[in-house]
Each structure stands twice: as C-alpha cells, then as structure tokens.
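One letter stands for each residue in the lines below.
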Amino acid sequence: MPLDDSKLWYRDAIFYEVPIKSFYDSNGDGIGDFAGMTKKLDYLKDLGINGIWLLPFYKSPLKDDGYDISDYYSILPEYGTIEDFKILITEAHARNIRVIADLVLNHVSDQNSWFREALKGKDNPKRDWFVWSDDDAKYSGVRVIFSDTEMSNWAWEPKTKQYYWHRFYSHQPDLNYDNPEVREEIKNVVRFWLDMGLDGFRCDAVPYLFEREGTSCENLPETHEYFKELRKLVDTEFPGTILLAEANQWPTDAKAYFGNEDEFHMAFNFPLMPRIFIALATESAAPIVNIINQTLPIPPTCDWGIFLRNHDELTLEMVTDEERDIMYNEYAKLPKMRLNLGIRRRLAPLVDNDRPTIELLYALLLSLPGTPIFYYGDELGMGDNIYLGDRNGVRTPMQWSFDRNAGFSTADTEQLYSPPITNPNYHYETVNVESELRLPTSLLNWVKKMTRVRSKFSDILGHGDVEFLQHKNRRILAYIRTIDGRNMLCIFNLSRRPTYVELDLSRFKGLRPVEAITDAKFPAIGDLPYFFTMPPRSFFWLSLTENDFKEDD
Ligand code: NOJ
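A brief structural summary. (Residues numbered from 1 in each chain as written. Predicted model: local features only at pLDDT ≥ 70, side-chain atom pairs only at ≥ 80, totals over all residues. Heavy atoms only, no water.)

## Remarks on the sheet that holds strand 9 (residues 200-204)
Neighbouring strands of a sheet are bound in pairs by backbone hydrogen bonds; such pairs are parallel or else antiparallel. Rule in force here: Between any two strands, pairing holds if DSSP finds at least two bridges. Numbering of helices and strands runs from the N terminus, with a helix taken as a DSSP run of H or I at least four residues long and a strand as a DSSP run of E at least two residues long. Every axis corresponds to a line fitted to the C-alpha atoms, with the helix fit spanning only the stretch in contact, and the corresponding angles, defined between N-to-C directions, vary from 0 to 180 degrees.
Taken together, 8 strands build a closed barrel; the order of strands is 1-2-5-9-10-11-12-16 and the barrel is parallel. Between one strand axis and the next, the sheet turns through 25 degrees on average, direction left out of account.

So, in structure tokens, the structure goes:
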C-alpha cells in the first residue's frame, strides 16, 4: 500500500511513540535498533498505527536518554546506521505509516562539539552559541523544570569562569537563539533529516528557546517567530511534513503554538492529559468538559495530539495545587512513584490494572477531539519499575513473547539496556504480544478492535466537531461528535459504581443509536429523554443512524 497523499494525514492518524532502544534488538547486543524496528512494522500496521514518533536516536552520551545530543548529523551506532534509518522510512511508507522524529532544538549535550568549542575561550566563534553570564542572578525567578536534580538554571564553567544557562539537566546547555548561526544550523538539521524522507518532527521543549530579563523566559514572541520561520521552511521545502509541539503549558499558551496556521500543525494537549485522570479520581466529568472548552476551538488544519502516557513522568506542572494533591493521593501513593512535579508510572499500573478503566481511557483517547498518540507497550497493559531511577521505569524492553528477555533480545539478560518487567502482575510471561494475540479477549486484541472502529469513523472522530450534552449526572461524560450531519454519541461512566443518565436527544428524533463496536441496535430516539444505565467505568460509542431497520434488529 503506497503512502496516501492526504495533506491532513495527521488528523486521520493514530501515532505510536517508541524509543528505538526499547522496541526490538535485531543483533543480540541487548539494545533495540533500527533494523529491529523495521522488523516489527507489521505489528504496528496490524495494531492500526499510521504514524510513528521516534524518540531521539542521534549520537549522544545518553545522560538524558538521547535528549542530550552530541552530534545532530549522525545516529547512535548502537541503533544502526543512516542506511538502516532510510530502510525503516521506506518500509514504513510502504505500509502507509508516516514517521516523525524528535527534534531537540533548545539544548545540546555538553559533549557536543559546538559546546566543547565554546569552552575553549570567550573569543571562540562558538562561544555565543550558548547563553553565558558572569553571575547567576540573571533571569531570576525562572522555574527549574528538573526540580529533583537541579537547583538552578545556571551552571558554573570553571575553565572560562562564567555561568551557562540550561533549562534541563546541567549537562544540557541551552542554545542561544539570539545568534543567527544557531537559528540557521537548526534549520540545516531539519533539512538533513527531512531530505531522507522523514515526515516531520516532534519538537522538544518548544517554549524555552529565548531568554529575556523580567519574563518567565517561556513562550516569548521571539520563540513564536522562530517557529513561524521553521514552518515556512517545511511548508515550502518539504510539503506534507509536520511539526508537533511539546509545549507543556496552560491552555492559552499551548494553543498559541498553532499560530494562525503558520506555526505548528500539531501540539500535545498537555492541559487535557492530567485532567482525564483527575476526572476519574473525582468521578466527575467537569475537569474534562472544562479543559476541552478551554482548548477549543483551534485553527481548522491544526490538531491536538492527545495522549494518556509518554516516556516522561505524568507531568503535573500545569495543574493547581489542589489538582496535584488529588493526583498524588490517587495515583502515587508511594514516594518512589513521584518524580519532579509528576508521577513516573505506566498506564496499567496507574489504574491498578483495572481492565474496565483502561478500556474507558482508551475509548476517551480515541474519541475526544485530537489525534491519539499511544505509548509503546501500553496496548499490552505493560507494567513499570519505579526502582529503576529517573524515568527508566517506563522505558523497559517491549514484551514480545514469553521467551527469554520477553522476546526482545537474544543477549544475556545482564546485557540488556534495562531489565524487563518481571513483577508478577505484569510479568512478560503473560503480558506480551504473542500471548495476547492468541487470546481473543486480551487488551491487545481489544485495542486493535478499537483502532479499526476509530478508522471506520475517522471522518467523524478525526475531523468532526464536539458538543458536550447537558444532563443531571456529574459522573457521566456525554458528547456528540458531528460531521456533515452524521453524529456519534459517546457516553462514559467515570465512576466506580453503576449509574444512569437521561439525555435529551430529541433533536435526533427518529434516529437509532447503533453501538459502533458490535453494531448492536438501540431503540429509536423519540421526544422523551433517552435513558441509559451504565456499569462502573463503562462507555458507549453510538452512531446515530437512519431508522431503516426492523424493530427487532
Ligand atoms: C522533554 C522530553 O520529553 C524529556 O524526556 C527530556 O528530558 C526533556 N525534554 C529535555 O530534553
């Protein structure tokens, strides 16, 4: 199947986020690689994925898992070669799967030759590629993001006796975007990889490119200007490729990255993600309704990337103190489960491996407005290991089978980049692709079914409007997705108890709800309120259909 040529392909996509290192090891050295990833493309195709987001695969000392790049123009040898990268792209495209990659443009590794040059002296041409100061009082008040490890955004450089600016780890000096050479160099990086057929970038740490005294040094107008330049570049030189923003911000600031359809095509819906979990914890639809109302509308060709979990801690930076307390109390009872302002756990363990809750979460992810982004392994219900340090507990080897090393690698287990999950509740001997494919009722088979339903209704769910229905039960979330007069009603019981709801559907009088997964038919809608009883943590997706079948269908 060739690559479809839809300009808005990202709105019909389901993305899969995956670190090369963790997916499949083709050469038995204990580390996943490009060749391994290529071997597993059919798995992703079968799962219903049509977009892959690759975590950083560039040369790096891996002190921040590749978000510390030492050479932007080469691949970490353990992951393979540029040739392997190109084969992955070709093979993915042959399956109508697009591939985007991380673009880490705010900072580099302190091992990067640009920074090493800069350390040679204050008059080195690369010195101004970074942000220096004689004291650490500049830009005071700017928040520290990795608050568990860093005390300040400044680090002392003893040889040249100045401080350099870093928003993340101190081994990740920020680039100086006031320097035109830096701005140009990053454009060259973009061209280098897009030229090889990549379909776009997930841009890392978007809000922090520029620094200005007296501001939070986030979301500055200069930052937006630079992304407008990048957008122009990709639109003119690589039409059809996309930019996806990682801007973990409050709704208004996050939305601003769409610009006037002249910045990002997509942005992660960071405001929504924690509020989905808050809605479950408080058994209330309000957090979701409120935040969706704040994050919409957006320009027509843009889209939110919606997600439940990713490779980082579940971030709680952009919630109120009260909301953060709710999250910690519900989902991070042990101190080890917390990191910075967040929770380092995977989807299944977060909800105590409760299957109805996991299904409900996927049903939200696949029906709320935006492009769903899965995190590798969550489709199996993979567990985590909070004892591994940093965020490594959610980055363990993909579980392919019940064989040695979860079928991920033939290396000695001690040689693996990370131990596989062996906690009895999530052991790879049961939670793995092979076993789950064989079991018709497995989570994996259920997720596959859901992606098929999503793709059957991709016009409504990918492009349609959303309208929340008013009713009297705060535990019930109900919305209509609509496009061109076709409607889907989505209802969720967010609580742990059965409940009921009466919905005024009279404007759809005469239509019959048809359950989208099984085609089960519900009674025709009349003038009276439509009554639903809902088991705990359950949902319905109902396509509202012309009443052209017999009463006992
Ligand atoms: C955001 C990435 O998602 C995270 O993994 C990384 O540590 C920081 N940016 C710094 O690059």
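## As for the environment of asparagine 392
Looking at where asparagine 392 falls in the secondary structure, it is placed in the loop between strand 16 (371-375) and helix 14 (433-438). For the pair asparagine 392 and aspartate 312, spaced 80 residues apart in sequence, the C-alpha separation works out to 8.8 Å.

## Focus: unusual backbone geometry
Formally: Only protein chains enter the accessibility calculation, which uses a 1.4 Å probe; a residue whose area is less than 20% of its type maximum is buried, one above 50% is exposed, and one in between is partly exposed.
At the junction of leucine 296 and proline 297, the peptide bond is cis and its omega measures out at 0 degrees in the coordinates. Relative to the elements of secondary structure, proline 297 occurs in the loop between helix 10 (286-295) and strand 12 (303-307). Residue lysine 161 is not a glycine yet carries a positive backbone phi of 55 degrees. Residue position: lysine 161 is located in the loop between strand 7 (154-157) and strand 8 (162-165). Exposure remark for lysine 161: the relative accessible area of 53% places this residue in the exposed category. Although it is not a glycine, aspartate 390 sits at a positive phi angle of roughly 40 degrees.

## Side note on the site of the ligand
Put simply, the rule reads: Definition of nearness: a residue and a molecule or strand are near each other if at least one heavy atom of the residue lies within 4 Å of the molecule or strand. Here a polar contact is recorded for every N or O atom pair within 3.5 Å, except that within protein the pair must consist of a potential hydrogen donor and a potential acceptor, and residues adjacent in sequence are included only if both atoms are side-chain atoms. Computed with a 1.4 Å probe, the accessible areas rest on the Shrake-Rupley method; for each residue, only the protein chains presented here act as cover. Only Asp, Glu, Lys and Arg are considered charged, only Ala, Val, Leu, Ile, Met, Phe, Trp, Tyr, Cys and Pro nonpolar, and every remaining residue, Gly among them, polar.
Neighbouring the ligand are Asp64, Tyr67, His107, Phe146, Phe168, Arg202, Asp204, Glu246, His311, Asp312, Arg391 and Arg395. Side-chain polar atom of aspartate 64 to an oxygen atom of the ligand: 2.7 Å apart, as the coordinates give it. Between the ligand and arginine 391 there is a distance of 3.0 Å, counted from an oxygen atom to a side-chain nitrogen or oxygen. For the ligand, whose free accessible area comes to 300 Å², the fraction covered by protein is 98%. Across the shell around the ligand, the residue classes break down as 3 nonpolar, 2 polar and 7 charged.

## A few points about the packing of aromatic side chains
Filter applied, for reference: In summary, the pairing rule links any two rings of Phe, Tyr or Trp, Trp by its six-membered ring, whose centres are within 6.5 Å, and it sorts them by plane angle into stacked for under 30 degrees, edge-to-face for over 60 and tilted for everything else. A ring is considered to have a charge above it if a Lys NZ or an Arg CZ atom is located within 6 Å of its centre and within 35 degrees of its normal.
Enumeration over the complete set of coordinates arrives at 52 aromatic pairs. Their ring planes at 80 degrees and their centres at 5.0 Å tell us that tyrosine 43 and tryptophan 400 sit as a pair that is edge-to-face. Highlighted residues: tyrosine 43 in helix 3 (residues 41-47) and tryptophan 400 in the loop between strand 16 and helix 14, separated in sequence by 357 residues. Taking relative accessible area as the criterion, tyrosine 43 reaches 10% and is therefore assigned buried. Arranged with centres 4.9 Å apart and planes meeting at 75 degrees, the rings of phenylalanine 258 and tryptophan 304 form a pair that is edge-to-face. With a gap of 46 residues between them, phenylalanine 258 in the loop between helix 8 (251-255) and strand 11 (266-268) and tryptophan 304 in strand 12 connect regions that are remote in the sequence. On the accessibility criterion, phenylalanine 258 (0% relative accessible area) is buried. The cationic tip of lysine 40 hangs over the ring face of tyrosine 24; the distance from NZ or CZ to the ring centre is 4.5 Å.

## Here's the deal with the pattern of salt bridges
Opposite charge on two side chains makes pairing possible when the charged atoms of those side chains draw close. Spelled out, the test is: Any Lys or Arg side-chain nitrogen located within 4 Å of an Asp or Glu carboxyl oxygen qualifies as a salt bridge.
Applying the stated criterion across every chain yields a total of 39 salt bridges. Of the charged contacts, one joins aspartate 46 and lysine 448 as a salt bridge, the two residues approaching to 2.8 Å between their closest N and O atoms. Highlighted residues: aspartate 46 in helix 3 and lysine 448 in helix 15 (residues 443-456), separated in sequence by 402 residues. In this structure aspartate 46 comes out as partly exposed when scored by relative accessible area, which is 30%.

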